[in-house]
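Observations on the model geometry
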Amino acid sequence: DAGVIQSPRHEVTEMGQEVTLRCKPISGHDYLFWYRQTMMRGLELLIYFNNNVPIDDSGMPEDRFSAKMPNASFSTLKIQPSEPRDSAVYFCASSLWGARYEQYFGPGTRLTVT
Amino acid sequence: SQQGEEDPQALSIQEGENATMNCSYKTSINNLQWYRQNSGRGLVHLILIRSNEREKHSGRLRVTLDTSKKSSSLLITASRAADTASYFCATAIQGAQKLVFGQGTRLTINP
């Protein structure tokens, strides 16, 4: 398996622009997680899905952030409008029911908002 | 606030020595996991220990869990340069289906 795939790997955008991050989980995994990592706040869970349904979005910082999972093999995290404080590395991870606590992480998207 | 707190924040040792990292947490857990993150990469799962287990081994890794003290330790024996990375503990809290990660320990193995 190719593992969790994220795109783009790097994104540089100007404040106010819309940013869309993409994730393809490992085939057969039924949980998908979005995290954000910064030096100041560490690794934070933003939202997670089970069988394409959002279960917990309490970590989403504000209404500028939204996430969707239209099918089992694709998810997006959108920031609109973006702000400099959104600069971070965003990780997607997936896991399988039964071993759902063992998460497989993608390589991350490094977002820079100027 | 973070559920898991790692100690120390940074550790530098010579190749061949053992490295010990500690993790403390606040609430009751289902299990505790350790992950490794190489610079610029995603996290990689290393080992999981359930709340009813006290010790677990995997290759050069040894994990202990003391639920009465709400703490865990990760021991890496006979360290190698390739072990240089950040190590995170993550707790699966009872009643929740998500992991909460600590701030991590930055481990440097000097040749």
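**With respect to the state of the cysteines**
As enumerated under the stated definition, the model contains two disulfides over all chains in all. The residue that forms a disulfide with C23 of chain A is C92 of chain A, at a sulfur-sulfur distance of 1.8 Å. Handedness here is read from the sign of the S-S torsion; for C23 of chain A and C92 of chain A, about -65°, the answer is left-handed. One end of the pair, C23 of chain A, is in strand 3 (residues 19-24); the other, C92 of chain A, is in strand 9 (residues 88-95), with 69 residues separating them in the sequence. Across the pair, C92 of chain A and C23 of chain A agree in class, each one buried. Paired by a disulfide, C23 of chain B and C89 of chain B hold their sulfur atoms 2.0 Å apart. One disulfide, between C23 of chain B and C89 of chain B, carries an S-S torsion of 65° and so falls in the right-handed class.

**So, the interface of chain A and chain B**
Listed per partner, the contact involves 21 residues of chain A and 20 residues of chain B. For the pair chain A and chain B, the summed buried area comes to about 1600 Å², and 49% of that belongs to carbon and sulfur atoms. For chain A, the biggest contributors to the area lost against chain B are L43, Y101 and F105 of chain A; these three give 38% of the whole. The interface formed by chain A and chain B includes one salt bridge. Measuring nitrogen to oxygen at the nearest pair gives 2.8 Å for the salt bridge that ties D56 of chain A to K98 of chain B. Along the contact surface separating chain A from chain B lie three residue pairs in polar contact (both at pLDDT 80 or more).

The rules behind the values
Residues numbered from 1 in each chain as written. Chains lettered and ligands numbered in written order. Predicted model: local features only at pLDDT ≥ 70, side-chain atom pairs only at ≥ 80, totals over all residues. Heavy atoms only, no water. Disulfide = S-S within 2.5 Å. Helix = DSSP H or I, 4+ residues; strand = E, 2+ residues; numbered from the N terminus. Buried < 20%, exposed > 50% of the residue type's maximum accessible area, 1.4 Å probe, protein only. Contact = heavy atoms within 4.5 Å. Buried area = accessible area lost by both parts, 1.4 Å probe. Salt bridge = Lys/Arg side-chain N within 4 Å of Asp/Glu carboxyl O. Polar contact = N/O pair within 3.5 Å; in protein donor to acceptor, adjacent residues only side chain to side chain.

Purely spatial values, then, with no claim about function.
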